[in-house]
Amino acid sequence: MPGTSDSVKVAVRVRPFNQREKNAGSKCILSMKDKSTTIKNPDTGETKTFAYDHSYWSHDGYTETPSGVYEQESPSSQYTDQKCLFQDLGQGVLDNAWQGYNAALFAYGQTGSGKSYSMIGYGPNKGIVPITCEELFKVIGTNEDGKKQLRVFFSMLEIYNEQVRDLLLKGKPPHGGLKIRQNPKQGFYVEGLKQVPVRSYSEIEKLMESGTFNRTTASTNMNATSSRSHMVITIRFEQVIQGDSGQSNTRSSDINLVDLAGSERADSTGATGDRLKEGSAINQSLSTLGNVISALADIAMGKKKVLVPYRDSVLTKLLQSALGGNSRTIMIAALSPADINYDETLSTMRYADRAKKIQNKAVVNESPTDRLIRELKEENARLMAMLKKQGTGDTTDIQSMLADNQRKMVDMQMSWQQRLEQARQEWEKSHHIDGSVIDKEWMKHPYITNVNEDPQLSGVIKHCFSKKCTFVGRSGSEDAIQLRGLGIEPEHIEVNVDGDKTFIKPCKATAAVFVNGIKVHEQTQLKHQDRLKLGSASLFLYIGYPEERGNDGTTDTYDYNYFMLELAEHAGVSVDIATPRDTHHTDDLSHRVLFQDFVDLLPKLAEANAISEELKRYTKFEAVVRSEASHDPKGTAAGKEVIIKVTNNQTKKVWIWSMNKFYNRKDLMDELYLKWLDGYNVVTTRDNDPFWDPVEDIFLGSCHIMLQSIGYCAEVDEHFTLHNYHGKEEAVIHVQLLPCDEKGHALEDDIVMEPKDLLNKTLNFTCVISQCMSVRWISEDHLRGVECRFTLPFQKPTKTKTVWHKGYVEFDFRQIYKYKPVTQKLLDYLHNNSLVLELWGKQVSEDEQLHSDGMPHADIETGNTDILTQLKSREDEAEMLREECEQIRKENFKLKQTVMVTEEKLRLLEMRGGLKRVGNKDRNMGASKTASSQTGLDVDFAKALRDFFQEMKDIQNGFKEMREFVTSTKDKIGANGIRQSFENHEHAINAIDDKMTDCLASLKKSAATALRKSRSGPDK
C-alpha cells in the first residue's frame, strides 16, 4: 500500500513554576497566542517567536478539584489540561493505530520541564500514555465482530549508556545489555525483548508499575539517574481478520511512546576546552538524535547528499521509523517558564522548530498471517546456511537470532488465549509475594520511601521497620534491608524502634548519613517526614506511625528539589551565595542562575567523590564560587561563576574545571564505574583517564593596592594579605611603590599637592615586591612553587620569577614604570582604581617528581625514599626557622612603629614648651646634629602656622565688620541706600576672598619648604 507523506507534528507545552523557581522569585519569559509561542530574553528584553502545530499554556489559570485533578479555573482560561492534550494528540495516535499505521509520540525538554507529566502524568492527572491505553481497551471492549480478533502487546525498555535494559524482567541484565538487530523488512529491533500480551488496561497498569520499580532499583544500583536515561514503551496493536476463504490477514501497528533524557546535555558531546572531547556513551543517544533531526530537516529543505546518522546510537536506530520512516509521529517539547532557564528553553524551542520540518512516509502494515510465518521460516533457513558456512568460528550472534526467530514462530502458532494464559502464569511466578501483605506492613509500621529526581520514580520503593532492630547496608543477612548505591557501606545504618519512637545510628564513622540536611554521627531520633540522605545519592523520606501521619498523608512538599535546597543550605552555599527563600527574593537574575547551578552541582560532586573513593582514584571534587571582584581593579565586579576544584590527595596535584568540563568528565566517570560494576578490570591511561589532567597554574589569591598615592607622588610601603575566593588568607606579601626619577633614584623635592599638577609632566615610580610570607600553597606541598602577576595601567602584564619549595618566598622583584606625558585618563585611573596583585601556584608534573610511581627498582625506590625523608625533615626545620624569623620581623616592625609614635609625641611637647629643649647639651654629637636640623624644621613650620592663624584672625574680624555693616543698613530704607549697601557688601566679600587665597597659598608654600628640608636630611 503506498505511503502518505506528512510532516512530524510538533506541540510545545509550558508548565507552572516549580518550588525552586518560586523561591528564587523567577519571572515568566514565555507567552502564547494561538499556535505561536514567544520567548523574551530576560537580560535584553529581545523576543523571538516560533509557530508550531500546537502551543499549550499550562502555566497558570487552573484550579484543583477535590479529587486532585487540575482543570481550567474559568471558561476564559487559557489553561490546557491532560484531557485536552490527549484529545489533540493521543486520539490521533489511536486513530492511526486502528488504520494500521505505526505511530510515535516522544517528549523532549530539559530535566524537570514536565516531559514525564505530559507522557505519564502524576496521581489522578493521567498523561497521554495511560489515557491512550485506557481508551484503546474501551474500544476493544465494544468489538462484536466474531471474525476480528484484537490483540495488544506491551513492552517497556530503558536506554542508558548505550545499553538496552528490558524493564519487565527482574534481575541483572546481560553484559552489554540486549542486542539491537536489523531486519531487512522490519528495520531495527531489540532481540529478546519481552512482549507481554495483555487483555485489559489494569494489566498494563501492573506492568508499568513493575517496570517503574525495576527502573528505580536499577538507577540506584548503577548510579544512573532517570534524567540521563531514555524510556520507550511500545504498544503493539494487532487486528487479525479471518477471511471467507479461511485465511487470516493481520493488520499491525506499533505505538512507540518515548520519554527522552533531559535535553540540557543534548548539544554536548564533550566540554569546550577539555582534552577528552569525545564525550561519553551516556550522552551519545541524545546528541545523535539532535544530529539526525538536523540532517532530516536539511533533507526536507532540499539539501542533497545528506547522510542521516541513524546507526550512531541505540536510540536513533530504534526511532528510525519514527523519524523520516514508516510512522506518523508527534513530538511534545516541554518548556520551563522561568527566566533562570532561558538558554535551555530557547534551545528546546529551536530543536522543536527543526523537528517540524521532517517528512515521514507512513504505510499500512497489513499482510497475511501465513506469509509472516513463511517469511520467518525462510529467514531461519538463511541463518542455518550462514551457520554452516561459518564453520567453527564465532556463531553466537547467528544462534541467538535463530532462537529469537524460533520463539516468534512458536508465539504466532499459539492461539491468543494460550498466549494470555502463558503471560498470566509468568506474572504470578515472578510476583509470588502477595502485595496486600506488604501494604499491611507499611500501613502499620514506620517506613522510608525513596525520593527521585523524576517524580514518576519517587515513592516507588518502601522499606518497612517492623522489627526492633534493622540494619541497612550494601550486604547483610536476609533480615537486613539491602541498599545499593554510591557511598553505601556493607552495614550503613542501624534503625532501632523503641515503642513509638524510631532511632537511626551510623554503623561506621565513614558512613555518610544526613538527617534534614545535617550530617549525623550518633544516634538520632526520627520524626515524621524527616529527610534522609544515605551515602552520596540515596534519598529517602521517613514516614512515622499512622498516628503521627494525621489526616494529611501527602509527601509532595518534600520532593527532590526540596532535598537539594536543604542540603545546599547546610553545606554552606549561603556563605558565597545568598540563598533565595520565600521571604527574600532577589531581582539579580545572574545571582539566581548561580544559585541554581550550585544546587544542581552538589549531588553530582557527591557522586563523583564516591566513585573516586570506590575506584581508589584518591581524587576530591569541591565547588568554588569564582568572583570577578578578585580580579577587578575597582574591586566591585559582580560577576560570579561556579568552578570545580579538583585535588588528587595522593600526588597533591590541583586542577580547576569549568562546570561543563566537570559534567563531561562525570559522564566518563559513570561509564568507567559501570564497567567496574560489571566486573571488568578497569585500566586507564592518561589519554583516557577522566580523573587526570596535565598540571596547570592555579590562582591562589589576590590583594588590592590603592593607586591614589601615586597621583600625589607619595610612596606605598606595606604588607598586604592575599585572599582567595572564599576570603581565606593565602599569604602575606610586602609591596613598595616608590616615586623616582628616570634612573630609579628616589625623589627629593618633587612635592605634588594636587594630582592635576602632574598633567603633561613625567611620572616614574619603582614597583618592588621583595618577599611573600606564610604561603599556604607551599606549606601543603613543598614541591610546589608560586609567582606573582599584575598589570599596571596602560602597561603590559607583568609577572615575577617563579620561586619553588619555600614557604618564605623572596621574589626580589624591582621594575621602573614610566608615564610621559601624564594624561587626565591616567590620573582618573589612579584615582578610581587599584593595582590587583595576584598570587599563582605552580606545579611540577608527576614525571618530574623524585617520588614518581615509575621507579624501576625497589632498592632505588627505597634509597630515594630515605633521601626524600631527610630532605623533608630539613625543609620542615628550615620552614620553622623562617616562621620564627618572620615573627621576629613583625615584632620589630611593631616596635619601630611604637618608637615613631613616641618620638612624635615628644616633639609636640617640645613645641608647646617653646622649643627650649631641642638643643639639649647632654646629647651626643650625632644626635645634636640631627636635633638641630629637626629644630630648624619645627621652627619654620611653627612660624608658618603662626602667620596662618594671624591671617585667619584678620578674616574673622572682616566677617565681624560685615555683620555690623548689615546692621547699620537696616535704617536705610530707600532704594539708593539698599544699592549702596549691597555694593559695600560685595567689596567686603571680595576682600575676604582675596585674603583667604593669599593665606592658603602662603601656607602651601611654607609647608612645601618644610617638607623639602625634611627630605634633604641632616647631612645636606
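To continue, consider the overall build of the protein chain. On a plain count of helices and strands, the protein chain comes out with 23 helices and 44 strands. Counting all 1020 residues of the protein chain, 46% fall into the buried class. Considering only intrachain contacts with a sequence separation of at least 6, the fraction spanning at least 24 residues in the protein chain is 68%. Total accessible area computed for the protein chain in this model is approximately 53000 Å², and 51% of it derives from carbon and sulfur atoms.

Direction vectors running N to C along helix α16 (residues 589–614) and helix α17 (residues 659–677) enclose 35°, while the axes themselves pass 10 Å from each other. Viewed along their axes, α16 and α17 form a crossing whose handedness is left-handed. Of the residues in α17, those touching α16 at Asp597, Asp600, Leu601, Lys604, Leu605, Glu607, Ala608, Ile611 and Glu614 are Met659, Phe662, Tyr663, Lys666, Met669, Asp670, Tyr673 and Trp676.

As for its placement among the helices and strands, Leu737 is situated in strand β38 (residues 729–739). Given the relative accessible area of 0%, Leu737 is considered buried. Distance from Leu737 to Cys767, taken between C-alpha atoms, is 4.8 Å for residues 30 residues apart in sequence. Once you skip the residues sitting within four places of it in the chain, Leu737 turns out to touch Ile705, Leu707, Ile710, Ala714, Glu715, Val716, Phe765, Thr766 and Cys767.

It is worth spelling out α16 at this point. An ideal rise of 1.5 Å per residue puts 38 Å on 26 residues; α16 measures up with 38 Å between its terminal C-alpha atoms. At Leu602, α16 is deflected by roughly 30°, the largest bend along its length, and proline Pro603 occurs up to four residues later in sequence. Immediately downstream of α16, the backbone of Lys616 shows phi near 55°, a positive value.

Tallied over the full model, the rule gives 30 salt bridges. Between Asp781 and Arg784 there is a salt bridge, and its shortest N-O distance comes to 3.9 Å. Arg784 sits in the buried class, given a relative accessible area of 5%. Two residues, Arg789 and Glu787, come together in a salt bridge whose shortest N-O distance is 2.8 Å. Classification of Arg789 as partly exposed rests on a relative accessible area of 23%. Through salt bridges that share partners, Glu730, Arg776, Glu780, Asp781 and Arg784 make up one connected network.

Considering all chains together, one arrives at 18 aromatic pairs under this definition. A ring pair is formed by Phe50 and Tyr52, whose centres lie 6.3 Å apart and whose planes are at 20°; its orientation type is stacked. Note on accessibility: Phe50 and Tyr52 belong to one class, buried. Here a set of aromatic residues connected by ring pairs shows up, and it is made of Phe621, Trp657, Phe662, Tyr663 and Phe691. In this structure, Arg328 packs its charged tip against the face of Tyr101, placed 3.9 Å from the ring centre. Of note, Arg665 hangs over the ring of Trp657, and the distance from its end group to the ring centre comes to 4.9 Å.

The next thing to look at is the environment of Val10. Within the secondary structure, Val10 sits in strand β2 (residues 9–14). Residue classification places Val10 among the buried positions, given a relative accessible area of 0%. In the structure, Val10 is positioned 347 residues away from Lys357 in sequence and 9.5 Å away in space, judged by C-alpha atoms.

Time to look at the sheet that holds strand β29 (residues 518–519). Pairing between the strands of a sheet comes from backbone hydrogen bonds, and it takes one of two forms, parallel or antiparallel. Spatial ordering of the open sheet is given by β23-β22-β32-β31-β28-β29, a layout of six strands whose pairing is antiparallel. Taken across any chain shown, the strands that pair with only one partner, and hence form the sheet edges, are β23 (462–464) and β29. Across four bridges, the pairing between strand β22 (residues 447–450) and strand β32 (residues 538–543) is antiparallel. The residue of β32 that forms the bridge with Asn450 is Phe540.

So, on to helix α2 (residues 82–99). With 18 residues, α2 extends 25 Å from end C-alpha to end C-alpha; this agrees with the ideal 26 Å at 1.5 Å per step. The largest bend along α2 measures about 40° and falls at Asp88.

A cluster of like negative charges, contributed by Asp498, Asp500, Glu547 and Glu548, occupies part of the molecular surface. Here Asp498 is to be found in strand β26 (residues 493–498). Residue Asp498 is classed as exposed on the basis of its relative accessible area, which comes to 56%.

Take unusual backbone geometry next. Phi is mostly negative for residues that are not glycine, and the peptide bonds are mostly trans. Residue Pro821 follows Lys820 across a cis peptide bond; omega there is -5°. Mapped onto the elements, Pro821 comes out in the loop between β43 (809–819) and α20 (824–832). Of note, the phi angle at Lys305 is positive, near 55°, even though the residue is not glycine. Along the chain, the position of Lys305 falls in the loop between α6 (284–300) and α7 (314–318). The phi dihedral of Lys652 is positive, around 65°, even though this residue is not glycine. Here Lys652 lies in the loop between β34 (640–648) and β35 (654–657). Residue class for Lys652 comes out partly exposed when judged on its relative accessible area of 37%.

Sheet architecture is open: three strands sit in the order β3-β4-β5, paired in antiparallel fashion. Strands with a single pairing partner mark the edges of an open sheet, and in this sheet they are β3 (30–33) and β5 (47–51). For this sheet, the mean angle separating the axes of adjacent strands, direction not counted, is 20°. Direction of pairing for β3 relative to strand β4 (residues 36–40): antiparallel, over a ladder of four bridges. Each residue of the ladder has a partner; that of Leu30, found in β4, is Ile39. Its contacts with the sheet put helix α8 (residues 342–355) on β3, β4 and β5, and the angle it makes with β5 is roughly 30°.

Mean pLDDT over the protein chain: 79, with 71% of residues reaching 70 or higher. Across residues 433–437, confidence stays below pLDDT 50; counting only partners more than four residues off in sequence or on other chains, it has one contact. The low-confidence segment residues 578–586 (pLDDT under 50) makes 21 contacts with residues lying over four places distant or belonging to another chain.

So, on to the nonpolar core. In this structure, Leu157, Val164, Val190, Leu289, Leu323 and Met331 are the most contacted members of the largest nonpolar core, which totals 50 residues. Core analysis: the second largest hydrophobic core is formed by 42 residues, Leu700, Ile733, Val803 and Leu830 among them.

With that settled, the discussion passes to the packing of α6 against α8. Where α6 meets α8, the closest approach of the two axes is 8 Å, and the angle between their N-to-C directions is 45°. Taken together, the axis directions place α6 and α8 in an arrangement best described as oblique. Contacts between α6 and α8 involve Leu286, Leu289, Gly290, Ile293, Ser294 and Ala297 on the former and, on the latter, Tyr351, Arg354 and Ala355.

Note on placement: Asn214 falls in helix α5 (residues 201–222). Overall, the relative accessible area of 6% leaves Asn214 in the buried class. Polar side-chain contacts of Asn214 include one of 2.7 Å to the backbone oxygen of Leu167. Here Asn214 is in contact with Arg165, Leu167, Leu168, Leu169 and Lys170, once residues within four sequence places are set aside.

The buried fraction of strand β18 (residues 248–259) is high, at nine of twelve residues. With five bridges joining them, strand β9 (residues 103–108) and β18 adopt parallel strand pairing. Its bridge partner lying in β18, Phe106 is registered against Val258. Of the pairings in the sheet, the one linking strand β17 (residues 230–242) to β18 comprises twelve bridges and is antiparallel in character. Within β18, the position partnered with Glu238 by the bridge is Ser252.

We now examine the side chain of Asp781. Tracing the chain through its elements places Asp781 in the loop between α19 (776–780) and β40 (785–790). When sequence neighbours within four positions are dropped, the list of residues in contact with Asp781 reads Thr651 and Lys652.

Under the definition given, this model contains zero disulfides. Here Cys469 stays unpaired: no disulfide links it, and the sulfur of Cys507, its closest cysteine neighbor, is 8.4 Å away.

Thresholds applied
- Residues numbered from 1 in each chain as written.
- Predicted model: local features only at pLDDT ≥ 70, side-chain atom pairs only at ≥ 80, totals over all residues.
- Heavy atoms only, no water.
- Helix = DSSP H or I, 4+ residues; strand = E, 2+ residues; numbered from the N terminus.
- Buried < 20%, exposed > 50% of the residue type's maximum accessible area, 1.4 Å probe, protein only.
- Contact = heavy atoms within 4.5 Å.
- Areas by Shrake-Rupley, 256 points an atom, 1.4 Å probe, with all protein chains shown as cover.
- Axes fitted to C-alpha atoms, helices over the stretch in contact; angles between N-to-C directions.
- Left-handed = near helix turned anticlockwise from the far one by under 90°.
- Expected span 1.5 Å × (residues − 1).
- Bend = angle between axes of the 7 residues up to and from the residue.
- Salt bridge = Lys/Arg side-chain N within 4 Å of Asp/Glu carboxyl O.
- Phe/Tyr/Trp six-rings, centres within 6.5 Å; stacked < 30°, edge-to-face > 60°.
- Lys NZ or Arg CZ within 6 Å of the ring centre and 35° of its normal.
- Pairing = 2+ DSSP bridges.
- Patch = residues over 30% accessible without salt bridge, like charges linked within 9 Å, V, L, I, M, F, W, Y side chains within 5 Å.
- Lys, Arg positive; Asp, Glu negative; His and termini not counted.
- Charge placed at Lys NZ, Arg CZ, Asp CG, Glu CD.
- pLDDT = per-residue confidence, 0-100.
- Core = buried A, V, L, I, M, F, W, Y, C linked by side-chain atoms within 4.5 Å.
- Parallel < 35°, antiparallel > 145°, perpendicular 65-115°, else oblique.
- Polar contact = N/O pair within 3.5 Å; in protein donor to acceptor, adjacent residues only side chain to side chain.
- Disulfide = S-S within 2.5 Å.

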